[in-house]
Amino acid sequence: MSRKKIIAGNWKMNMTPSQAVELVNTLKPLVETEDADVVFCVPAIDIIPVIEAAKGSNIQVGAENMYYEDKGAYTGEISPAMLTDVGVKYVVLGHSERREYFAETNETVNKKMLKAFEYGITPIMCCGESLEQREQGVTMDFIRQQVKVGFLNVTVEQAKTAVIAYEPIWAIGTGKTATTEQAQEVCKAIRECIAEIYDEATAEAIRIQYGGSVNAVTAPELFAQPDIDGGLVGGAALKPDFGKIVNWK
């Protein structure tokens, strides 16, 4: 089966609401395509203005995080109901920066995964190894654990709609990119892991992105790989170049 590519920009902690609207207006004509789903994952305060600015375009809007409870005394957190109410379709979960700086674990990511599905939000679940782990030869052990725990109690039907983003931590914002072979090798192994948990059909349906210094030059070769279904793009998503990544062909 052919999986539709999904190219998502992860803005991280960048862009004030007014800057966000300006960026969307700049990018709108540049990211038009029918060959891929295009998602802007933006800071919470930018979500509403970005949704407004993106109206009538092919841009779908995602959040960069959410909490795993419906509501309550969780000061500073954002609930899935808040996201769906304004039209958010995707949420990035378990990004390495959240794991590193905000003590996210495989277990909390799993709770968030289950809650996202409950609300009909598509999770983009991130996984990836550090340089030290790659050098120790434990890359796949580490990533398999992230995937297996992340997908605990996720049903087959839910899993088929999920997105997994493989981001080697050593290639995020460093300018280093995993070689195309390294990226394909890990994405293939992630697909095999999903087949083990579920079945071949689920593994074939799930979309796996590569992230880590993706740019207009590296995108075409990466996206041509059989197991890479698009990208989770950081810095390059804040520039007009994002249009070239989206229209990589």
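The rules behind these values
Residues numbered from 1 in each chain as written. Predicted model: local features only at pLDDT ≥ 70, side-chain atom pairs only at ≥ 80, totals over all residues. Heavy atoms only, no water. Helix = DSSP H or I, 4+ residues; strand = E, 2+ residues; numbered from the N terminus. Rg over C-alpha atoms; globule rule 2.2 N^0.38 Å. Buried < 20%, exposed > 50% of the residue type's maximum accessible area, 1.4 Å probe, protein only. Contact = heavy atoms within 4.5 Å. Areas by Shrake-Rupley, 256 points an atom, 1.4 Å probe, with all protein chains shown as cover. Lys, Arg positive; Asp, Glu negative; His and termini not counted. Charge placed at Lys NZ, Arg CZ, Asp CG, Glu CD. Arc of directions from axis to C-beta. Core = buried A, V, L, I, M, F, W, Y, C linked by side-chain atoms within 4.5 Å. Pairing = 2+ DSSP bridges. Axes fitted to C-alpha atoms, helices over the stretch in contact; angles between N-to-C directions.

1. With respect to the overall build of the protein chain
In terms of regular secondary structure, the protein chain is built from 12 helices and eight strands. For 249 residues, the compact-globule estimate of 2.2 N^0.38 gives 18 Å, and the C-alpha radius of gyration of the protein chain, at 17 Å, lies within 12% of that figure. Within the protein chain, the proportion of its 249 residues that are buried is 53%. The long-range share in the protein chain, meaning contacts at least 24 apart out of those at least 6 apart in sequence, stands at 74%. Element-wise, carbon and sulfur atoms account for 52% of the exposed surface of the protein chain, whose accessible area totals about 11,100 Å². One finds the centroid of the 24 positive side-chain charges in the protein chain at a distance of 2 Å from the centroid of its 34 negative side-chain charges.

2. Here's the deal with helix α1 (residues 17-27)
What α1 keeps buried is the set A20, L23, V24 and L27. An end-on view of α1 places all buried positions within 100 degrees of arc, on one side of the element. Along α1, the residues that are exposed and aim more than 90 degrees away from the buried face are S18 and E22. In this structure, the buried residues of α1 make contact with β2 (36-42), α2 (47-54), β3 (59-63) and α12 (242-246).

3. Quick notes on the nonpolar core
By size, the foremost hydrophobic cluster in this structure holds 66 residues, and its most contacted members are F40, F151 and F242. Dropping the residues within four chain positions of it, F151 is found in contact with N110, M113, M125, A159, A162, I164, I194, Y198 and I206. Judged by nonpolar contacts, the second largest core, of 11 residues, contains C41, Y90, V92 and L232.

4. Here's the deal with the sheet that holds strand β6 (residues 163-166)
Backbone-to-backbone hydrogen bonds join strands into a sheet, with any given pair of strands oriented parallel or antiparallel. Strand order in the closed barrel formed by eight strands is β1-β2-β3-β4-β5-β6-β7-β8, and the pairing between neighbours is parallel. Mean inter-strand twist for the sheet, computed between neighbouring axes without regard to direction, equals 30 degrees. Summarising the sheet, β3 and strand β4 (residues 90-93) pair through two bridges and their orientation is parallel. Counted as the bridge partner of G62 is Y90 from β4.

5. Considerations on unusual backbone geometry
One non-glycine residue, N153, lies in the positive phi region at around 65 degrees. With respect to the element layout, N153 can be found in the loop between α7 (139-150) and α8 (156-161). N153 gets classed as exposed once you look at its relative accessible area, which sits at 64%. Non-glycine residue S213 carries a positive phi angle of around 55 degrees. Residue position: S213 is located in the loop between β7 (207-211) and α11 (219-223).

6. Some words on the pairing of strand β8 (residues 230-233)
On β8, burial covers both faces: G230 and L232 on one face and G231 and V233 on the other are all buried. Relative to β8, strand β1 (residues 5-10) is paired through four bridges, and the arrangement is parallel. In the sheet register, I6 faces β8, and the bridge partner there is G230. Of the pairings in the sheet, the one linking β7 to β8 comprises two bridges and is parallel in character. Across the sheet, Y210 pairs through a bridge with G231, a residue of β8.

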